[in-house]
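Coordinate inspection notes
Here are the chains, one letter per residue:
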2 protein chains.
Amino acid sequence: MESSVIVWTDQEVEVARRAFDSAYERAITTLISNLQQQASELSSPESVWQLHDFLSIQRHGIEGRFDFRLEGILFVFASLVKEGLLEPAELQGLDQEKHAKVMAMSRF
Amino acid sequence: MESSVIVWTDQEVEVARRAFDSAYERAITTLISNLQQQASELSSPESVWQLHDFLSIQRHGIEGRFDFRLEGILFVFASLVKEGLLEPAELQGLDQEKHAKVMAMSRF
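Read on for a plain summary of the structure. (Residues numbered from 1 in each chain as written. Chains lettered and ligands numbered in written order. Predicted model: local features only at pLDDT ≥ 70, side-chain atom pairs only at ≥ 80, totals over all residues. Heavy atoms only, no water.)

1. Considering the overall build of chain A
Scanning chain A from N- to C-terminus turns up 4 helices and 0 strands. Ordered by position from the N terminus, the helices and strands of chain A form the series α-α-α-α. Here the C-alpha atoms of chain A give a radius of gyration of 17 Å, more than 25% beyond the 13 Å that 2.2 N^0.38 yields for 108 residues. Structurally, chain A occupies a C-alpha span of about 55 × 25 × 25 Å along its principal axes. Here chain A holds 108 residues, and the buried ones make up 37% of them. For chain A, the distance from the average position of its 10 positive side-chain charges to the average position of its 17 negative side-chain charges is 4 Å. (Helix = DSSP H or I, 4+ residues; strand = E, 2+ residues; numbered from the N terminus. Rg over C-alpha atoms; globule rule 2.2 N^0.38 Å. Buried < 20%, exposed > 50% of the residue type's maximum accessible area, 1.4 Å probe, protein only. Lys, Arg positive; Asp, Glu negative; His and termini not counted. Charge placed at Lys NZ, Arg CZ, Asp CG, Glu CD.)

2. Let's talk about the relation of the copies chain A and chain B
Turning chain A through 180° and shifting it by 0.0 Å along the axis lays it on chain B, with an RMSD of 0.0 Å. The symmetry that links the two subunits is that of a two-fold axis. When you check the interface residues of chain A against chain B, 100% turn up at the interface there too, and the contact is symmetric in its surfaces. (Least-squares fit on C-alpha atoms with pLDDT ≥ 70 in both. Contact = heavy atoms within 4.5 Å.)

3. Points about the interface of chain A and chain B
Counting from both sides, the interface comprises 22 residues of chain A and, opposite them, 22 residues of chain B. Sorting the residues of chain A by area buried against chain B places Trp49, His52 and Arg59 of chain A first, and these three jointly supply 34% of that buried surface. Run the count over chain A and chain B and you get 2 salt bridges. The closest approach of N and O atoms between Arg59 of chain B and Asp53 of chain A, which form a salt bridge, is 2.9 Å. (Buried area = accessible area lost by both parts, 1.4 Å probe. Salt bridge = Lys/Arg side-chain N within 4 Å of Asp/Glu carboxyl O.)

4. Digging into the environment of Asp10 of chain A
All names here are of chain A. Residue position: Asp10 is located in helix 1 (residues 10-40). In this structure Asp10 comes out as exposed when scored by relative accessible area, which is 61%. Sequence spacing of Asp10 and Met105 is 95 residues, and the spatial spacing of their C-alpha atoms is 24 Å.

5. Overview of helix 2 (residues 45-65) of chain A
Here helix 2 of chain A spans 30 Å end to end across 21 residues, near enough to the 30 Å set by a 1.5 Å rise per residue. Buried within helix 2 of chain A are the following residues: Pro45, Ser47, Val48, Trp49, Leu51, His52, Leu55, Arg59 and Ile62 of chain A. Packed against the buried residues of helix 2 of chain A are helix 1 of chain A together with helix 1 (10-40) and helix 2 (45-65) of chain B. (Expected span 1.5 Å × (residues − 1).)

6. Section: the packing of helix 1 of chain A against helix 2 of chain B
Direction vectors running N to C along helix 1 of chain A and helix 2 of chain B enclose 45°, while the axes themselves pass 10 Å from each other. As the angle between them shows, helix 1 of chain A and helix 2 of chain B are arranged oblique. Remark: the crossing between helix 1 of chain A and helix 2 of chain B carries left-handed chirality. Taken together, the residues of helix 2 of chain B that come into contact with helix 1 of chain A (itself represented by Tyr24, Ile28, Leu31, Ile32 and Leu35 of chain A) are Pro45, Val48, Trp49 and Leu51 of chain B. (Axes fitted to C-alpha atoms, helices over the stretch in contact; angles between N-to-C directions. Parallel < 35°, antiparallel > 145°, perpendicular 65-115°, else oblique. Left-handed = near helix turned anticlockwise from the far one by under 90°.)

7. Comments concerning helix 3 (residues 70-82) of chain B
Residue and element names in this part refer to chain B. The end-to-end C-alpha separation of helix 3 is 19 Å, in line with the 18 Å expected for 13 residues at 1.5 Å each. Ile73, Leu74, Val76, Phe77, Ala78, Leu80 and Val81 are the residues of helix 3 that are buried. Looking one or two residues past helix 3, Gly84 carries a phi angle of roughly 80°, positive in sign.

8. So, the pattern of salt bridges
Taken as a whole, this structure holds 16 salt bridges over all chains when the rule is applied. For Glu12 of chain A, the salt bridge identified is with Lys98 of chain A, shortest N-O distance 2.9 Å. Here Lys98 of chain A lies in helix 4 (residues 96-106) and Glu12 of chain A lies in helix 1, a separation of 86 residues in the sequence. The residues Glu12 of chain A and Lys98 of chain A share a single accessibility class, namely buried. Among the salt bridges present, the one from Arg26 of chain B reaches Glu90 of chain B, with a minimum N-O distance of 2.9 Å.

Purely geometric numbers; function is a separate question.
Quick look at the structure:
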């Protein structure tokens with residue numbers, strides 16, 4: 001996808017790591033809150049299996065998505081911004097080109 | 001496994017169905033209670049994935065086990081008695097041979 005080489009400074013990697021960790025924590029916190037709500041409403045076998053299906057999908061999505069390899073991280077950030085799990089301001093410290101790429105991709 | 005034919009009267013099938021449904025309801029109630037307890041203690045990603053693993057195993061076990069086909073039902077009852085999900089008294093109405101088979105298998 002990327003033909004030009006993207007260079008990361010140590011400081012940028014730190015910013016990226018922090019932003020990534022914060023978004024991951026938010027995703028988990030949201031998931032826990034959803035699970036607790038659904039668990040409190042369980043009554044039938046079907047409701048239990050629905051909870052299981054929901055959790056299977058969420059786990060698959062989170063485990064597939066939160067991948068910190070730098071070559072794909074701007075795309076990950078874009079999807080997190082789009083979904084409200086990451087604020088653009090948390091990416092301050094990345095150079096202008098990286099920041100612009102994230103914002104552009106987040107609008108798709 | 002069974003070389004002799006086991007004959008079921010309509011009344012016995014009714015007794016079996018009622019016992020089966022009661023045990024299933026107990027299994028689900030116990031599972032819901034466990035899930036609610038675990039959900040209330042969720043804090044980390046690992047705890048969420050553990051809950052998912054637990055629920056996957058429980059679902060697989062329950063769906064595999066609660067099979068009402070008469071040819072295997074005495075074995076199902078034995079395992080339910082063994083695990084405390086069914087009281088021998090709930091099988092009253094089955095003839096003595098069926099009852100004895102369940103109780104014998106439940107001791108393995």
